[in-house]
Amino acid sequence: LTVFSPYGDGWASQLLGIDLKRNIMVRWKRHTRPFLSGSYQSFREERTIPREIDLIGGHKNTVIVLNIGVHFRPHPLHLYIRRIINIQRALKRLFLRSPETKVIIKTEHSGENEKAFELNSSFHGYVQYLIMEQIFKDLNVGFVNAWDMTNAFNSNIIHPPNTYIQHEVDMLMTYIC
């Protein structure tokens, strides 16, 4: 893929990858608030995940991958539930427009956070993981269960090693191919 950053550089930008030979386009965008970081954040063209899903027409060759995780941990559970239900509703609308669109949800990694333990511990992440699993269980979505995979690898860090990430990508590709 040739990668472009149409709105500037850095982690806050959107990325667009294009491969014209194989007719592939990949778009990456970080989620909107809450995004926990001590560094600069740009909220230019900020849209929620449900709004982004509503803007996708869908097609048999369209794959949507959602990664919903650790940045939601310190927020009240009722807000997390509302956010996940709104994503579920957007996916239901997408499947009405285009039932052949593939949707894969990657769960967050387990792993302890040394700072603000009461807010960011794996306990909160596990509760959110269970809630997400219940809300999406009746939809035709695939899951890359990063929570169980990090536990199986006995990884206690929030950003696991590259070998682990490769296994996640391999699992993702089984759903796409």
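Attention in this report is confined to the structure presented alongside it. (Residues numbered from 1 in each chain as written. Predicted model: local features only at pLDDT ≥ 70, side-chain atom pairs only at ≥ 80, totals over all residues. Heavy atoms only, no water.)

**Things to note about the sheet that holds strand E3 (residues 24–28)**
This is how it is decided: A strand pair is defined by DSSP finding two or more bridges across the two strands. Strands are runs of DSSP state E lasting at least 2 residues, helices are runs of H or I lasting at least 4, and numbering of each runs from the N terminus. Fitted lines through C-alpha atoms give the axes, limited to the stretch in contact for helices. The angle between two N-to-C directions lies from 0 to 180 degrees.
Read across the open sheet, the 3 strands follow the order E1-E2-E3; overall the sheet is antiparallel. Each end of this open sheet is capped by a strand with a single partner; those strands are strand E1 (2–4) and E3. Taken over all neighbouring pairs, the strand axes of this sheet differ in orientation by 20° on average, direction set aside. Pairing geometry for strand E2 (residues 15–19) and E3, over 5 bridges, is antiparallel. Across the sheet, the residue bridging to Leu15 is Trp28, located in E3.

**Here's the deal with the pairing of E2**
Sheet analysis places E1 next to E2, joined by 3 bridges and oriented antiparallel. When the sheet's bridge partners are listed, Phe4 is paired in E2 with Leu16.

**A look at the sheet that holds strand E4 (residues 63–67)**
Hydrogen bonds between backbone atoms are what pair the strands of a sheet, whose relative direction is either parallel or antiparallel. Strand order in the open sheet formed by 3 strands is E4-E5-E6, with parallel pairing between adjacent strands. Among the strands making up the open sheet, the edge pair consists of E4 and strand E6 (142–144). The sheet shows a mean angle of 25° between the axes of neighbouring strands, direction not considered. Here 3 bridges tie strand E5 (residues 102–106) to E6, and the two strands are oriented parallel to one another. Looking across to E6, one finds that Lys106 is bridged to Val144.

**With respect to the environment of Arg22**
Just so we agree on the cut-off: Only protein chains enter the calculation, and the probe is 1.4 Å; a residue is then buried if its accessible area is under 20% of its type maximum, exposed if over 50%, and partly exposed in between. A 3.5 Å cut-off defines polar contacts: any pair of N or O atoms within that distance qualifies, except that in protein one atom must be a possible hydrogen donor and the other a possible acceptor, and neighbouring residues in sequence count only when both atoms are side-chain atoms.
Residue placement: Arg22 occurs in the loop between E2 and E3. The class for Arg22 is exposed, based on a relative accessible area of 60%. C-alpha of Arg22 to C-alpha of Leu1: the two residues are 21 residues apart in sequence and 9.5 Å apart in space. Of note is the side chain of Arg22, whose polar atom sits 2.6 Å from the side chain of Asp19.

Note that all results are geometric; they support no functional claim without further evidence.
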